[in-house]
Amino acid sequence: MTVLPFLRRHWVLWLVLSLHALAFALLDQVISPHPDYLDHWMQSRVMSWGYYEHPPMIAWVLRALTTLVGDSEASLEAIAIFLNLLILAGMYAVGADVFGARAAAFGLLAAETTPFFIGGTPLVHIDQPLLLFWLAALAALLRYQRTGRARWLLLLGVLAGCGALSKYTMVLFYLGLLVFILLVRERRRELLNPYVYVSGLISLAVFSPVLIWNAQHDWVSILFQLEKGAGGEHIIPGKHLAEFTLGYFFLFSPLLVVAGTVWLVRRWRAEGLRDDPPGLLLALWLTPVVFFSLAMIPGSFPDPQYVNEGFLSFFMLLGRELEARWATRRRFVLRLYLGSAAITATLIGVFAWQTYAPFLPLSPGGDPTRQIVGWHETGEQVTELLREQGIPLPEFVLSFYYPLAAQFSLHLPSRPFTYSFQRELRNVWSDPARITPANSIVVCERDECAWMQDLVPKRFGHPLRRVGVVETVLWGRLRRTVEVYRMEP
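Keep in mind the model is a prediction, meaning the values are calculated, not measured.

(A) A look at the state of the cysteines. Under the defined criterion, the tally for this structure stands at 1 disulfide. A sulfur-sulfur distance of 2.2 Å marks the disulfide that ties Cys444 to Cys449. Note on the Cys444 and Cys449 pair: the S-S dihedral is about 100°, so by sign convention the disulfide is right-handed. We classify Cys449 as buried; its relative accessible area is 6%.

Right under this line is the structure:
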């Protein structure tokens, strides 16, 4: 009796999620998982309290899900779709709780016209657990704001700690909350609320395994993030800030970002920052944007995805604004949706064109589309090459760049572990003492093979013998040339 009314009330959510899942289930038939995804899957095969570049939650999530559904290519693709649908559903649920189902539907439809929510669906990355725990922590915080019950702050501590186990930027959730408390006079009493500090201590306790792991590994993960944020030398002033700003404008649609920002700033100036859910959402949107914009001035790495957690709140707020304008400015709202969708379709169309019929003058190493097509075929070619020469399928596959070895970890029947020379500290799953000439192969693309001829003997003490070369041709075009080597005993 209660299911049908619920479905009717939220029919936009179920329709959008169904179409989204169907579209990407079909798309996954012609693309391969991205190597970054496979790197996280490789981490899930060797569980740890931390990894070279980031906290461990993504590996734990993948280990749990692959235990349930397997780790075939189809299973990994289904997991990527599932996690992205959860993020969309979570954003809708929090928006519906604050503004109602109708406003949440407007925000959901807006999000579905952006490259971030569309283009990222085939990929699993560390931001997905972060976004899910950010949304869960936000829901708990909104309940505390509404009820004043301390138990919601305690739950917030657990959820925010899990978010920090996903990505270090979860600290911006607490920073956004602090900004809200300081700017809203009625909320400054929370500075004297002991449960706020207990919540923070709970988060620290949940996060503590990562600190212990870093202490045991020379703080490698935290230092990596600090070095990444430090940028590089000889940076043109403002260059990274401009790249970063332009990046998230296009990631979340320039039309929606401009229109939404204008509307929200106008409302903020008219109403002020009030002690209500919209005020809290506004603080949690602007805090990551301002924080990372300031970080770009000295030259931090300009990744526009740094602010994706803040844009969860943005699309909830945007949904309210779009709903408010629908009755009187319907044509403008429709044009905004269509314009945003057209920009996203153009960007995805160019990417698809380059993927299946390359036309841009990019070097093989600089073409990201090469990473997502033809790997099933390449894996079959290398497998056949090894069998023809009587070479057993390897337990380890070595390469210079991790993306090459990562693809073979999935697309060779033996599911070998990978070893990358690019960043040897990340090879926590491959003990060099276990890598021998009998159980490993070396793979390289033509521009890397000269390096490998020197690197492998220096690292493992064995010269290389060329096994053969495979060329993968798709749609009448050469997509990649991979050389295969073995270490001489």
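(B) Just the packing of aromatic side chains, in detail. As enumerated under the stated definition, the model contains 29 aromatic pairs in all. Ring geometry for Tyr52 and Phe224: centres 5.1 Å apart, planes at 50°, overall tilted. Of this pair, Tyr52 sits in the loop between α3 (35-45) and α4 (57-69) while Phe224 sits in helix α12 (residues 220-229); the two residues are 172 residues apart in sequence, bridging distant segments of the chain. When sorted by exposure, Tyr52 lands in the same class as Phe224, which is buried. Ring centres of Phe252 and Phe315 lie 6.3 Å apart, and the angle between their planes is 50°; on these two criteria the pair is classed as tilted. Taken as a pair, Phe252 in the loop between α13 (239-251) and α14 (254-271) and Phe315 in helix α16 (residues 308-326) lie far apart in primary sequence, 63 residues in all. For the residue pair Phe252 and Phe315, the accessibility class agrees, reading buried in each case. Across from the ring centre of Phe332, 4.4 Å away, lies the NZ or CZ of Arg329, which sits over that ring.

(C) The arrangement of unusual backbone geometry in detail. A positive phi angle, near 80°, is found at Ser253, a position not held by glycine. Among the secondary structure elements, Ser253 is positioned in the loop between α13 and α14. Unusually for a residue other than glycine, Arg415 sits at a positive phi of about 50°. By the secondary structure assignment, Arg415 is in the loop between α19 (402-411) and β2 (417-420).

(D) How the structure looks around the side chain of Thr481. Relative to the helices and strands, Thr481 resides in strand β5 (residues 477-487). Setting aside residues up to four positions removed in sequence, Thr481 forms contacts with Cys444, Glu445, Arg446, Val469, Val470 and Glu471.

Rules and cut-offs
Residues numbered from 1 in each chain as written. Predicted model: local features only at pLDDT ≥ 70, side-chain atom pairs only at ≥ 80, totals over all residues. Heavy atoms only, no water. Disulfide = S-S within 2.5 Å. Buried < 20%, exposed > 50% of the residue type's maximum accessible area, 1.4 Å probe, protein only. Phe/Tyr/Trp six-rings, centres within 6.5 Å; stacked < 30°, edge-to-face > 60°. Helix = DSSP H or I, 4+ residues; strand = E, 2+ residues; numbered from the N terminus. Lys NZ or Arg CZ within 6 Å of the ring centre and 35° of its normal. Contact = heavy atoms within 4.5 Å.

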